[in-house]
Amino acid sequence: AHMQEATEIREIGKEENKLAIKDAEDAQTALANAIAVLETFYKESGGVKKESWEFLQEPVKLPENPSTWDSGYTSVADPAAQPDGIVSVLKAVASDFAEMESQTMAQEESDQ
């Protein structure tokens, strides 16, 4: 009876760990995509410094005063500034998910 109960508990734990690992992987993918979009945006808007190799691209030529807005975009804050920049926050969250995934995988190994 105890063996059957232990097996059932282990199966439940195994399924929970599997779901936690999948959630962590999905979250890391979503965060990496969000960071890439934001970094691209901020680099194009001048909010983040471009790498030297990124200057090889020809910029889009816009009229001096495009009719779709009254003034150019100016960043509220440096998006990469520690600790409050959005890119920094997303990278920290991604790191937390990677740590959670690693710990869950280690737990799964030790529970075998």
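Residues numbered from 1 in each chain as written. Predicted model: local features only at pLDDT ≥ 70, side-chain atom pairs only at ≥ 80, totals over all residues. Heavy atoms only, no water.

### Regarding the pattern of salt bridges
- A full pass over the atoms with the stated rule returns 3 salt bridges.
- When the shortest N-O distance is used, the salt bridge between Arg-10 and Glu-108 registers 2.4 Å. One end of the pair, Arg-10, is in helix H1 (residues 2–45); the other, Glu-108, is in helix H2 (residues 86–111), with 98 residues separating them in the sequence. You'll find Arg-10 and Glu-108 in the same group, each marked buried.
- Linking Asp-26 and Lys-22 is a salt bridge whose minimum nitrogen-to-oxygen distance equals 2.8 Å. Pair noted here: Asp-26 and Lys-22 are both in helix H1, with a separation of 4 residues, about one helical turn.
- The class of Lys-22 is partly exposed, set by a relative accessible area of 48%. (Salt bridge = Lys/Arg side-chain N within 4 Å of Asp/Glu carboxyl O. Helix = DSSP H or I, 4+ residues; strand = E, 2+ residues; numbered from the N terminus. Buried < 20%, exposed > 50% of the residue type's maximum accessible area, 1.4 Å probe, protein only.)

### A word on the packing of H1 against H2
- Direction vectors running N to C along H1 and H2 enclose 160°, while the axes themselves pass 9 Å from each other. Taken together, the axes of H1 and H2 are roughly antiparallel relative to one another. Remark: the crossing between H1 and H2 carries left-handed chirality.
- Across the contact of H1 with H2, the residue classes break down as 18 nonpolar, 5 polar and 8 charged. (Axes fitted to C-alpha atoms, helices over the stretch in contact; angles between N-to-C directions. Parallel < 35°, antiparallel > 145°, perpendicular 65-115°, else oblique. Left-handed = near helix turned anticlockwise from the far one by under 90°. Nonpolar A, V, L, I, M, F, W, Y, C, P; charged D, E, K, R; others polar.)

### Remarks on the packing of aromatic side chains
- Scanning all chains against the criterion turns up 1 aromatic pair.
- Taking the centre distance of 5.3 Å and the plane angle of 70° together, the rings of Phe-41 and Tyr-42 count as edge-to-face.
- For Tyr-42, a relative accessible area of 11% corresponds to the buried category. (Phe/Tyr/Trp six-rings, centres within 6.5 Å; stacked < 30°, edge-to-face > 60°.)

### Things to note about the environment of Thr-40
- Within the fold, Thr-40 resides in helix H1.
- Given the relative accessible area of 42%, Thr-40 is considered partly exposed.
- Considering only alpha carbons, one finds Thr-40 and Lys-50, 10 residues apart in sequence, at a separation of 9.2 Å.

### Structural notes on the side chain of Glu-101
- Of note, Glu-101 is situated in helix H2.
- No salt bridge is formed by the buried Glu-101; the nearest opposite charge belongs to Lys-22, separated by 11 Å.
- A distance of 2.7 Å separates polar atoms of two side chains, one belonging to Glu-101 and the other to Gln-28.
- Residues in contact with Glu-101, not counting those within four places in the same chain, are Ile-21, Ala-24, Glu-25 and Gln-28. (Lys, Arg positive; Asp, Glu negative; His and termini not counted. Polar contact = N/O pair within 3.5 Å; in protein donor to acceptor, adjacent residues only side chain to side chain. Contact = heavy atoms within 4.5 Å.)

These results come straight from atomic positions and should not be treated as a statement about function.
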